Amino acid sequence: TSTEIDDSVTLGEGIKAPPMVYIAGEEMTHYTSNLIVDQWIKPYFNVDAWEHFDLSCKARDDSDDKVLHDAVEAGSRIGAIFKEPTITPSTLQVKEMGLSKAFGSPNGAMRRGWNGITISRDTIHIEGIELGYKNPVFFERHAVGGEYGAGWNEVGQGTLLTTYLPDDGASPFVVDKRDLTDDHNVVVVYHNPYDNVAELAHLFFKRCLDAEITPYVVTKKTVFKWQEGFWETMKSIFDEHYKADFEKAGLLERSGGDLQHLISDAATMQLIRWTDGGFGMAAHNYDGDMLTDQIAQVHRSPGFITSNLVGRRDDGTLIKEFEASHGTVSDLWHDHLAGKETSLNPLGLVEAMIGAMQHAATLQAENNPSDESEIVKAKVFNYTETLRTAMHNTFRYGQGTRDMSGPSGFTTEDYIAKVAWRLQR
Ligand code: NAD
């Protein structure tokens, strides 16, 4: 049993880290991730089994985006992925970087390629330190559909027809017909694929129940009538499988004894008022994008939020991709390039690395059951817990980054060096 396993990890031991996909991005978060892997991971683990993919704009351009397809393939095959933030180039960046075209978001390609169900975003808490929310806030963002995959065009006056052609050969019908009378219009078509909402519901309600927090479902269905189906699926899964357990745990008292629906604009206000935390929200893709950024601000910094994509391989195996919720932190990168001090909070990035390493170890132990893989799993879990404690203690001792500790806080490099020192003791 695991209690008999020696799970200690020592400097220079070179434990073989289980295979995972490591996706590199650019700018400040790439620079910081390199420092972290060099100072916090490589002294303890041999990472030769990590498969590396460089998703910088330049590498995507040089390979005509083959590198993105390769990364998606490797992610499906291995099932555990760590991803640094990447740049989705703006028109200006396409010019500045001399790219051959404006590459689309790699995140969208991954969410589709891995049959993305949900992007789970949760607040990170450090015991003894008050951040924005006192207790956990969980968010489940539908990983696919909506505005992100929209087809659109700029058109003049005329008629726009959106026609549905059923696969089963039934008669086509017009979903929408509208007369355009302006000289300048943007027309947009998108859809919300709803097959995996039931699965999102199970993941969400299970997570809320385990963490003893109250779930809410957020849509704008009062006005956007087509969103009713999201709520209906969530509510029916809740009623059938979870309501009794939530009631028993006393978790529905704050929401009037039932699963409550919140209109998305009302949710923006509650997120600012409910600073005690202790709740979860599930929403469509774009609402989830906006609301989780708001949570990040209320909770002090985007560095204190996790972001995990859960998808499913065609054979049913869960694929998990772990990333930070924030971007490449361009402003600090420009400061760094100008020789100024920076202070990047790496907690979201490192929670992602921890999540990916733990999931990789779990998959290895499941797929190749042996004493060896159980030992590696125990060591990975032990070490990553120690790493988390070392990071939190560094914050607790007033040596955190400046988003938390103010101007006296540590620089990006000093914080990493301090945690590395603490790990060696
Ligand atoms: P950003 O999240 O990088 O930064 C927003 C603001 O928050 C900045 O002021 C930044 O300094 C601060 N911030 C973010 N994370 C921080 C941290 N860990 N510690 C301290 N401060 C932090 O968003 P942006 O500036 O809008 O975008 C920059 C680039 O990132 C863009 O090119 C965009 O395409 C990309 N981006 C990528 C992803 C992703 O890969 N998942 C997500 C969002 C943005």
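Conventions and cut-offs
Residues numbered from 1 in each chain as written. Predicted model: local features only at pLDDT ≥ 70, side-chain atom pairs only at ≥ 80, totals over all residues. Heavy atoms only, no water. Helix = DSSP H or I, 4+ residues; strand = E, 2+ residues; numbered from the N terminus. Rg over C-alpha atoms; globule rule 2.2 N^0.38 Å. Buried < 20%, exposed > 50% of the residue type's maximum accessible area, 1.4 Å probe, protein only. Contact = heavy atoms within 4.5 Å. Areas by Shrake-Rupley, 256 points an atom, 1.4 Å probe, with all protein chains shown as cover. Lys, Arg positive; Asp, Glu negative; His and termini not counted. Charge placed at Lys NZ, Arg CZ, Asp CG, Glu CD. Salt bridge = Lys/Arg side-chain N within 4 Å of Asp/Glu carboxyl O. Domains from an automatic or database assignment. Buried area = accessible area lost by both parts, 1.4 Å probe. Expected span 1.5 Å × (residues − 1). Arc of directions from axis to C-beta. Near = heavy atom within 4 Å. Polar contact = N/O pair within 3.5 Å; in protein donor to acceptor, adjacent residues only side chain to side chain. Nonpolar A, V, L, I, M, F, W, Y, C, P; charged D, E, K, R; others polar. Pairing = 2+ DSSP bridges. Axes fitted to C-alpha atoms, helices over the stretch in contact; angles between N-to-C directions. Phe/Tyr/Trp six-rings, centres within 6.5 Å; stacked < 30°, edge-to-face > 60°. Lys NZ or Arg CZ within 6 Å of the ring centre and 35° of its normal.

Caption draft 1: Structural context of the overall build of the protein. Counting secondary structure elements, the protein contains 14 helices and 16 strands. Expected size for 425 residues packed as a compact globule is a radius of gyration near 22 Å; at 23 Å, the protein falls within 12% of this value. For the protein, with 425 residues in total, the buried portion stands at 49%. Pairs at least 24 apart in sequence give 75% of the contacts found in the protein among residues at least 6 apart. Counting every atom, the protein has about 20,000 Å² of accessible surface; 50% of that belongs to carbon and sulfur. The averaged location of the 63 negative side-chain charges in the protein is 3 Å from the averaged location of its 39 positive side-chain charges.

Caption draft 2: Quick peek at the environment of A150. In this structure, A150 sits in the loop between β7 (137–142) and β8 (151–155). Residue A150 is classed as partly exposed on the basis of its relative accessible area of 22%. In sequence terms A150 and V188 are 38 residues apart; their C-alpha atoms lie 6.3 Å from each other. Those residues within four positions of A150 in sequence are excluded, and the remaining contacts are V188, V189 and Y190.

Caption draft 3: Looking closely at the pattern of salt bridges. Considering all chains together, one arrives at 26 salt bridges under this definition. Residue D289 pairs with R141 through a salt bridge whose shortest N-O separation is 3.9 Å. You can see D289 sitting in helix α9 (residues 285–298) and its partner R141 sitting in strand β7, a full 148 residues away along the chain. A salt bridge links K235 to D258; the nearest nitrogen and oxygen atoms lie 3.2 Å apart. Taken together, the positions of K235 in helix α7 (residues 228–248) and D258 in the loop between α7 and β13 (260–263) put the pair 23 residues apart, joining distant regions of the chain. Connected through salt bridges with shared partners, the residues K235, D239, K243 and D258 form a single ionic network.

Caption draft 4: Just the domain arrangement of the protein, in detail. What the domain assignment reports for the protein is domain 1 (1–131 + 303–425), domain 2 (154–188) and domain 3 (193–299). Inter-centroid distance (C-alpha atoms) of domain 1 to domain 3 is 27 Å. With 15 residues of domain 1 at the interface, the matching set in domain 3 holds ten residues. Between domain 1 and domain 3, roughly 1,100 Å² of surface is buried when both sides are summed, and carbon and sulfur atoms account for 57% of that area. Among the residues domain 1 hides against domain 3, the three largest losses belong to I117, R121 and I305. Together they make up 41% of the total. Of the charged contacts, one joins R207 and D122 as a salt bridge, the two residues approaching to 2.8 Å between their closest N and O atoms.

Caption draft 5: Quick look at helix α14 (residues 412–424). Here α14 spans 19 Å end to end across 13 residues, near enough to the 18 Å set by a 1.5 Å rise per residue. Along α14, the residues that are buried comprise T412, Y415, I416, V419, A420, R422 and L423. Seen from one end, α14 has its buried residues packed into an arc of 160°, which puts them on one side. Next to the buried residues of α14 lie α1 (27–41), α11 (347–367) and α12 (371–399).

Caption draft 6: Region of the structure containing the site of the ligand. Around the ligand, 18 residues are found, and the nearest of them are T86, G327, V329, D331 and N345. Between H326 and the ligand, the recorded distance is 3.3 Å, taken from a side-chain N or O atom to a nitrogen atom. A distance of 3.0 Å separates an oxygen atom of the ligand from a polar atom in the backbone of T328. Surface burial for the ligand is 68%, taken as the share of its 810 Å² of free accessible area covered by protein chains. A breakdown of the residues in the shell around the ligand according to their chemical character gives five nonpolar, nine polar and four charged.

Caption draft 7: Up close: the sheet that holds β7. If you trace the ten strands from one edge of the open sheet to the other, you get β4-β2-β5-β16-β15-β6-β7-β14-β12-β13, paired in mixed fashion. In this open sheet, the two edge strands, each paired with only one partner strand, are β4 (51–54) and β13. Ignoring which end each strand starts from, the neighbouring axes of this sheet average 20° apart. Relative to strand β5 (residues 80–83), strand β2 (residues 21–24) runs parallel, the two sharing three bridges. Pairing of Y22 across the sheet is with F82, part of β5. Strand contacts of helix α8 (residues 264–273): β12 (214–219), β13 and β14 (279–283), with the helix running at about 95° to β13, the strand carrying the most contacts.

Caption draft 8: Summary view of unusual backbone geometry. The backbone of D64 sits at a positive phi, close to 50°, despite the residue not being glycine. Checked against the element boundaries, D64 lands in the loop between α2 (57–62) and α3 (66–78).

Caption draft 9: Expanded view of the packing of aromatic side chains. Tallying each qualifying case throughout the model produces 20 aromatic pairs. Ring centres of Y194 and F230 lie 6.3 Å apart, and the angle between their planes is 45°; on these two criteria the pair is classed as tilted. One end of the pair, Y194, is in the loop between β11 (185–189) and α6 (197–211); the other, F230, is in helix α7, and 36 residues separate them in sequence. According to the relative accessible area criterion, Y194 is partly exposed, its value standing at 23%. On the numbers, 5.0 Å between centres and 15° between planes, the contact of F224 with W226 is stacked. Positioned over the ring face of W421 is K418, at 4.6 Å from the centre of the ring.

Caption draft 10: Region of the structure containing the environment of S405. With respect to the helices and strands, the residue S405 is situated in helix α13 (residues 402–405). When its relative accessible area of 22% is taken as the criterion, S405 is described as partly exposed. For the pair S405 and F395, spaced ten residues apart in sequence, the C-alpha separation works out to 7.8 Å. Not counting chain neighbours up to four residues away, the residues in contact with S405 comprise G398 and G400. A polar contact is formed between the side chain of S405 and the backbone nitrogen of G400, at a distance of 3.4 Å.

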